[in-house]
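Listed below are the residues making up each chain.
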Amino acid sequence: MNPFKEKPQKIEKSFQSWKNVLVKPYDKHTVDPYTRLRIILMDGTEFESVRFGHSYTRNCTNNDIRRELALIRRSEQIQQKRIASLKPMNENILEHTIGYEQLAVDLTANLAKSEKNDYVRQQLNFALLEDFDHLYRYSDLMELEKSGDPALLVGDYTEIMPGRPTVAEYRHPFDDVKFNINSYLNNTLTRLHVNIITAAEQQTMNYYMNVANLYVSDLGRKLYNEIAMIEEQHVTGYGSLKDSSCTWLENLVMNEYTECYLYYSCYEDEKDPRIKKIWEQHFTEEISHLHKAAELLLKYEGKVWQQLFPEGGDFPELLKFRSQKEYIREVLKSVRLTAVEEGFRELSSMPDNFRYFSYNKGVNGNLEKVGTHSVINLAISEFGKDYRIENKAHPVEALSKRTKDNTEVGRVKNA
């Protein structure tokens, strides 16, 4: 499939009445977990598109371009609202959060497994270890509050157990900034992966920041605030991979291409016939956005889209959600890595005066009062052990004990 070779419809065709925008939600008891994940992914992708459009408008002096951006953005807004309306009212904040973290885990694992750029794959694997731990801690909160069933939400696709302990994830901001990748030296799939994961993590961070002060328990408020800070670190890391030498219009074309790719991937992979039609409709609409972006690139920068896609514009391997339990278990073995400026090193190899240690200690303060640690202690006190879904023993022996939360792995040298 090559979206550049498809005939676009008029963008205005996407302007529809609320009846066609606010569609029937899915049933949270019967929905396939990966259908829920696609919905969260595309909701975040649309938010990223709208955010980018506003940022571009605020940095553009040409009102003709700003009008075209407003046209595209209005259509993206409608798409986002249609997707968001699929979430049912009886799905609470924490249930929705389990979906966010399952998406972070399984999306990242699927992208990393097919990524050819070693540096990008290493960043994906590094953050995967942390999102995996977030899923575990939110699941224990759900068990404590009896506000849902983590097992029902993730299905048989994803295990739930510790990753790099959240208290070990706080790093000095200098060490989250990575090298940006050159668009012309990397294939289309790598550029797609960077775009996709940046948008997904941005949406997760925004969600946690928005709901943290709305949560009904003090412990939950702590978890959302603490984990939102880690998501900010992830957005910094992933966002810095993007080619910062690209122009606004080049980025616009790549963003619209990413949306076309994702909607087509969702359409091909979706099992729910009703939602499959929504992915198909949005793919058709995104083709018109992509062609408009390519038109603007030619008109205002004198560049043809082929210059951005030397491989021809055909979609590379489509994104398909598949369970990656064994891949994740292998990645978990590198739990003791830490970030050091643009690279990654074993924590044990770092000098005692490395900024990670003072920063992490300062942010955590008294570990016993940190929410992401307290939630596991409370679960152990309540149930005799933490909540997990494990198909077999944890691949890291130090994290296998279910009656004590390990706060030292990845945080204390040689732990």
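Here the structure is shown first, and the text comes after it.
Reference entry: report on the structure contained in this document. Not measured: the values here are computed from a predicted model.

Let us look at the overall build of the protein chain. When you go through the protein chain residue by residue, the secondary structure sums to 13 helices and two strands. Relative to a compact globule of 415 residues, whose C-alpha radius of gyration would be 22 Å, the protein chain shows 21 Å and is just as compact. Overall size of the protein chain, expressed as C-alpha extent along the three principal axes, is 60 × 45 × 35 Å. Out of the 415 residues in the protein chain, the part that is buried amounts to 59%. Per element, the accessible surface of the protein chain, about 17500 Å² overall, is 51% carbon and sulfur. Between the mean site of the 55 positive side-chain charges and the mean site of the 62 negative ones, the protein chain shows a separation of 2 Å.

Taken as a whole, this structure holds 28 salt bridges when the rule is applied. Between Arg 402 and Asp 386 there is a salt bridge, and its shortest N-O distance comes to 2.9 Å. Taken together, the residues Arg 402 in the segment after helix H13 (371–383) and Asp 386 in the segment after H13 connect sequence positions 16 residues apart. Exposure remark for Asp 386: the relative accessible area of 3% places this residue in the buried category. Via salt bridges that share partners, Arg 38, Asp 269, Glu 270 and Arg 322 belong to a single interconnected network.

Checked against the element boundaries, His 193 lands in helix H7 (residues 188–211). Sequence-distant contacts of His 193, defined by excluding residues within four places in its chain, comprise Leu 111, Ser 114 and Glu 115.

Turning next to the packing of aromatic side chains. Taken as a whole and assessed by the stated rule, the structure comprises 26 aromatic pairs. Consider the rings of Phe 4 and Tyr 257, whose centres lie 5.8 Å apart with planes at 20°: the pair is stacked. In this pair, Phe 4 is assigned in the segment before helix H1 (18–21) and Tyr 257 in helix H9 (residues 248–269), connecting sequence segments 253 residues apart. Grouping residues by exposure puts Phe 4 and Tyr 257 together as buried. Look at Phe 126 and Phe 344: their rings are 4.8 Å apart centre to centre, the planes differ by 45°, and that puts the pair in the tilted class. Pair noted here: Phe 126 is in helix H5 (residues 118–145) and Phe 344 is in strand E2 (residues 343–346), with a separation of 218 residues, a long-range link. There is no split in this pair, since Phe 126 and Phe 344 are both buried. Through pairs of rings, three or more aromatic residues link up here, namely Phe 4, Tyr 257, Tyr 261, Tyr 264, Tyr 267, Phe 283, Trp 305, Phe 309 and Phe 315. Arg 191 extends its terminal NZ or CZ atom over the ring of Phe 309, reaching a point 5.1 Å from the ring centre.

With that settled, the discussion passes to the pairing of E2. With four bridges connecting them, strand E1 (residues 337–340) and E2 associate as antiparallel partners. Along E2, the bridge assignment pairs Val 340 with Gly 343. Between E1 and E2, which pair antiparallel one after the other, the connecting turn spans two residues, and Glu 341 there sits at a positive phi close to 50°.

Moving on to the packing of H7 against H9. For the pair H7 and H9, the least separation of the axes is 10 Å and the interaxial angle reads 90°. Considered as vectors, H7 and H9 are oriented roughly perpendicular to each other. On the side of H7, the interface is formed by Thr 188, Leu 189, Arg 191, Leu 192, Asn 195 and Ile 196, while H9 contributes Met 254, Asn 255, Tyr 257, Thr 258, Tyr 261 and Leu 262. Grouping the amino acids of the contact of H7 with H9 by side-chain chemistry returns seven nonpolar, four polar and one charged.

What counts as what
Residues numbered from 1 in each chain as written. Predicted model: local features only at pLDDT ≥ 70, side-chain atom pairs only at ≥ 80, totals over all residues. Heavy atoms only, no water. Helix = DSSP H or I, 4+ residues; strand = E, 2+ residues; numbered from the N terminus. Rg over C-alpha atoms; globule rule 2.2 N^0.38 Å. Buried < 20%, exposed > 50% of the residue type's maximum accessible area, 1.4 Å probe, protein only. Areas by Shrake-Rupley, 256 points an atom, 1.4 Å probe, with all protein chains shown as cover. Lys, Arg positive; Asp, Glu negative; His and termini not counted. Charge placed at Lys NZ, Arg CZ, Asp CG, Glu CD. Salt bridge = Lys/Arg side-chain N within 4 Å of Asp/Glu carboxyl O. Contact = heavy atoms within 4.5 Å. Phe/Tyr/Trp six-rings, centres within 6.5 Å; stacked < 30°, edge-to-face > 60°. Lys NZ or Arg CZ within 6 Å of the ring centre and 35° of its normal. Pairing = 2+ DSSP bridges. Axes fitted to C-alpha atoms, helices over the stretch in contact; angles between N-to-C directions. Parallel < 35°, antiparallel > 145°, perpendicular 65-115°, else oblique. Nonpolar A, V, L, I, M, F, W, Y, C, P; charged D, E, K, R; others polar.

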